[in-house]
Amino acid sequence: MTNAMELYQMLPKTNCKKCGKTSCMAFAVALMARELTPEDCPPLKEEPKYKESYEKLSEIFKPSEGATETGLIVHEDLCFGCGNCVVACPPNVANDPYGVGSGKAPTNPGRLVLTVEDGVVKAQNLGECRRFGKNKILCNGCIVTCPVEAIEFV
């Protein structure tokens with residue numbers, strides 16, 4: 001993934017404020033935070049001289065199109081429902097200590113972040129995820145336990 005300065009270099013650098021941000025650098029930071037998309041910059045999208053930059057930026061952010069608010073993407077085509085991620089998720093363990101926290105079936109599915117449904121992992125209750133909110137941390141418990149890399153964060 002690129003950083004905000006690299007994204008800024010691909011922007012028009014006009015500071016036109018048409019995107020709602022005070023500068024193109026602020027827009028680049030908003031892109032990194034996934035608050036905005038390349039489509040939110042009118043000059044980038046509409047002016048032919050920025051076409052190449054617009055296409056590059058769109059390609060960079062294409063993998064995050066199916067991401068949740070936490071940046072979580074589940075590749076359902078890769079997942080075979082082993083449930084390793086469900087048991088390894090710290091909020092799942094904390095919210096269901098006698099179910100998934102003990103390696104058993106969920107006893108409190110309404111509070112789980114990850115569950116297996118129809119043989120595929122599903123994300124829910126993302127407000128419980130450690131990667132969400134003002135105190136977020138870069139937890140990767142679900143990623144490192146997935147044997148087929150069906151879970152990623154962008």
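See the structure shown above.
Let me begin by describing the structure that accompanies this report.

So, how was this worked out
Residues numbered from 1 in each chain as written. Predicted model: local features only at pLDDT ≥ 70, side-chain atom pairs only at ≥ 80, totals over all residues. Heavy atoms only, no water. Core = buried A, V, L, I, M, F, W, Y, C linked by side-chain atoms within 4.5 Å. Buried < 20%, exposed > 50% of the residue type's maximum accessible area, 1.4 Å probe, protein only. Helix = DSSP H or I, 4+ residues; strand = E, 2+ residues; numbered from the N terminus. Contact = heavy atoms within 4.5 Å. Lys, Arg positive; Asp, Glu negative; His and termini not counted. Salt bridge = Lys/Arg side-chain N within 4 Å of Asp/Glu carboxyl O. Polar contact = N/O pair within 3.5 Å; in protein donor to acceptor, adjacent residues only side chain to side chain.

1. A look at the nonpolar core
Stage number 1. Judged by nonpolar contacts, the single largest core of 18 residues is most densely connected at Cys 85, Leu 114, Val 121 and Ile 151.
Stage number 2. Those elements giving two or more residues to this core turn out to be α5 (84-88), β3 (120-123) and β4 (151-153).
Stage number 3. Once you skip the residues sitting within four places of it in the chain, Ile 151 turns out to touch Leu 72, Ile 73, Cys 85, Leu 114, Val 121, Cys 142, Ile 143 and Cys 146.
Stage number 4. Residues Tyr 8, Met 10, Leu 11 and Ala 28 belong to the second largest nonpolar core, which totals 17 residues.

2. Comments concerning the side chain of Asp 96
Stage number 1. The topology assignment puts Asp 96 in the loop between α6 (90-95) and β2 (114-117).
Stage number 2. Buried within the structure, Asp 96 lacks any salt-bridge partner; Arg 111 is the closest side chain of opposite charge, at an N-O distance of 9.4 Å.
Stage number 3. There is a polar contact of 2.3 Å between the side chain of Asp 96 and the side chain of Thr 107.
Stage number 4. A distance of 3.4 Å separates a polar side-chain atom of Asp 96 from the backbone nitrogen of Asn 108.
Stage number 5. With near-sequence residues (within four places) excluded, Asp 96 lies in contact with Gly 101, Pro 106, Thr 107, Asn 108 and Leu 112.

Such coordinate-based values are descriptive only and should not be taken to indicate function.
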